[in-house]
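Examination of the molecular architecture
These are the residues of each chain, in order.
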Amino acid sequence: GQQLNQSPQSMFIQEGEDVSMNCTSSSIFNTWLWYKQDPGEGPVLLIALYKAGELTSNGRLTAQFGITRKDSFLNISASIPSDVGIYFCAGQLRGNQFYFGTGTSLTVIP
Amino acid sequence: EAQVTQNPRYLITVTGKKLTVTCSQNMNHEYMSWYRQDPGLGLRQIYYSMNVEVTDKGDVPEGYKVSRKEKRNFPLILESPSPNQTSLYFCASRLAGRETQYFGPGTRLLVL
């Protein structure tokens, strides 16, 4: 299957700090997606990206679709305690085939 | 309320005892999928369905079966569970042409 490498694996940050994480793939994807998973729940979509170079924001979150279509980045500005969770990138190849990254676990220290 | 439901939420079973995890969505979505989530591996797609009676293998289909006899339901069947199928399972659905998947709450399975 497709390999999506997500880094960092975990982050411990102070409240108010900015966060950056990224995802790289050996394959080209048509769509890049970023999800957040809270403990005990399923992932929830944060941002969807549709074309190379696209930069999209959702509140304090900003994500970019890499120019090569093999990578994507997510930034969270001014982190708050409710940002705690696991963040996943995902790539959509075609139809209903989705491939997820290994996740970045974020801990925000008040 | 629009949602994806899964049952059971927790299940402990023994090797070889057939089991079914149900998934139902009330949003009239065409696409449905099953994923398993394992530590360090993220979510991996097991099977997906693009509509009634249309299913296809995902990345890790071995040891699983699915069926889609009705649009709202997409059960996951483990005919002969093995310990390596111990995992957290998620069902998801979405509208055709939309990338937003709605995930269920998850089913935690332990196979002894």
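What this report covers is the structure whose coordinates are included nearby. Keep in mind it's a predicted model, so treat the numbers as computed, not measured.

**Some remarks on the nonpolar core**
In this structure, A:W32, A:W34, A:L74 and A:L106 are the most contacted members of the largest nonpolar core, which totals 23 residues. Taken together, the elements giving at least two residues each to this core come down to β2 (10-14), β3 (19-25), β4 (31-37), β5 (44-49), β7 (61-65), β8 (71-76), β9 (85-92) and β11 (104-109) of chain A. Core analysis: the next-biggest nonpolar cluster, separate from the first, contains 19 residues, B:M32, B:V60, B:Y89 and B:L109 among them.

**Some points on the state of the cysteines**
With the rule as written, the count across this model stands at 2 disulfides over all chains. Covalent S-S linkage joins A:C23 and A:C89, the inter-sulfur distance amounting to 1.8 Å. You can see A:C23 sitting in strand β3 and its partner A:C89 sitting in strand β9, a full 66 residues away along the chain. The same class applies to A:C23 as to A:C89, namely buried. Residue pairing for B:C23: its cysteine sulfur links by disulfide to B:C91, the two sulfurs lying 1.8 Å apart. Where B:C23 bonds to B:C91 through sulfur, the torsion about that S-S bond is close to -75°, and the disulfide is left-handed. Residue B:C23 is located in strand β3 (residues 19-25), and its partner B:C91 is located in strand β9 (residues 87-94); the two are separated by 68 residues in the primary sequence.

**Section: the interface of chain A and chain B**
Bring the parts together and some accessible area is lost; that lost area is often taken as the interface size. Taken together, the contact pairs 22 residues of chain A with 22 residues of chain B. Of the roughly 1,700 Å² buried at the junction of chain A and chain B (both faces included), carbon and sulfur atoms supply 51%. For the chain A face of the interface with chain B, the top three residues by lost area are A:N96, A:F98 and A:F100, together amounting to 34%. Counting the contacts that link chain A with chain B gives 0 salt bridges. Counting every contact that joins chain A to chain B gives 6 residue pairs in polar contact (both at pLDDT 80 or more). Elements with a contribution of two residues or more to the side of chain A that touches chain B: β4, β5, β9 and β10 (98-100) of chain A. For the side of chain A that touches chain B, a count of residues per class yields 10 nonpolar, 11 polar and 1 charged.

**A short note on the packing of aromatic side chains**
The full count for this structure, using the stated rule, is 10 aromatic pairs over all chains. Between A:F29 and A:W32, the aromatic rings sit 5.2 Å apart at their centres with planes inclined by 80°, giving edge-to-face as the arrangement. Where B:Y35 meets B:F103, the ring centres are 5.6 Å apart and the plane angle is 40°; that geometry is what we call tilted. Of this pair, B:Y35 sits in strand β4 (residues 31-38) while B:F103 sits in strand β10 (residues 102-103), and the two are 68 residues apart along the sequence. For the residue pair B:Y35 and B:F103, the accessibility class agrees, reading buried in each case. Joined through ring pairs, the aromatic side chains of A:Y35, A:F88, A:F100, B:Y35, B:F90 and B:F103 make up one cluster.

**Looking at the sheet that holds strand β1 (residues 4-7) of chain B**
Residue and element names in this part refer to chain B. Taken in spatial order, the 4 strands line up as β1-β3-β8-β7 in an open sheet, and their pairing is antiparallel. The sheet terminates laterally at β1 and β7 (65-66), the two strands that pair on one side only. Pairing between β7 and strand β8 (residues 76-78): 2 bridges, direction antiparallel. Of the residues in β8, the one forming a bridge with K65 is I77.

**Concerning the pairing of β3(A)**
Residue and element names in this part refer to chain A. Only one face of β3 is covered, namely the one carrying V19, M21, C23 and S25; the face carrying S20, N22 and T24 has none of its residues buried. In this sheet, β3 lies alongside strand β1 (residues 4-7) in antiparallel orientation, the contact comprising 4 bridges. Of the residues in β3, the one forming a bridge with S7 is N22. In this sheet, β8 lies alongside β3 in antiparallel orientation, the contact comprising 6 bridges. Paired with C23 across the strands is S72, a residue of β8.

Quick notes on the rules
Residues numbered from 1 in each chain as written. Chains lettered and ligands numbered in written order. Predicted model: local features only at pLDDT ≥ 70, side-chain atom pairs only at ≥ 80, totals over all residues. Heavy atoms only, no water. Core = buried A, V, L, I, M, F, W, Y, C linked by side-chain atoms within 4.5 Å. Buried < 20%, exposed > 50% of the residue type's maximum accessible area, 1.4 Å probe, protein only. Helix = DSSP H or I, 4+ residues; strand = E, 2+ residues; numbered from the N terminus. Disulfide = S-S within 2.5 Å. Contact = heavy atoms within 4.5 Å. Buried area = accessible area lost by both parts, 1.4 Å probe. Salt bridge = Lys/Arg side-chain N within 4 Å of Asp/Glu carboxyl O. Polar contact = N/O pair within 3.5 Å; in protein donor to acceptor, adjacent residues only side chain to side chain. Nonpolar A, V, L, I, M, F, W, Y, C, P; charged D, E, K, R; others polar. Phe/Tyr/Trp six-rings, centres within 6.5 Å; stacked < 30°, edge-to-face > 60°. Pairing = 2+ DSSP bridges.

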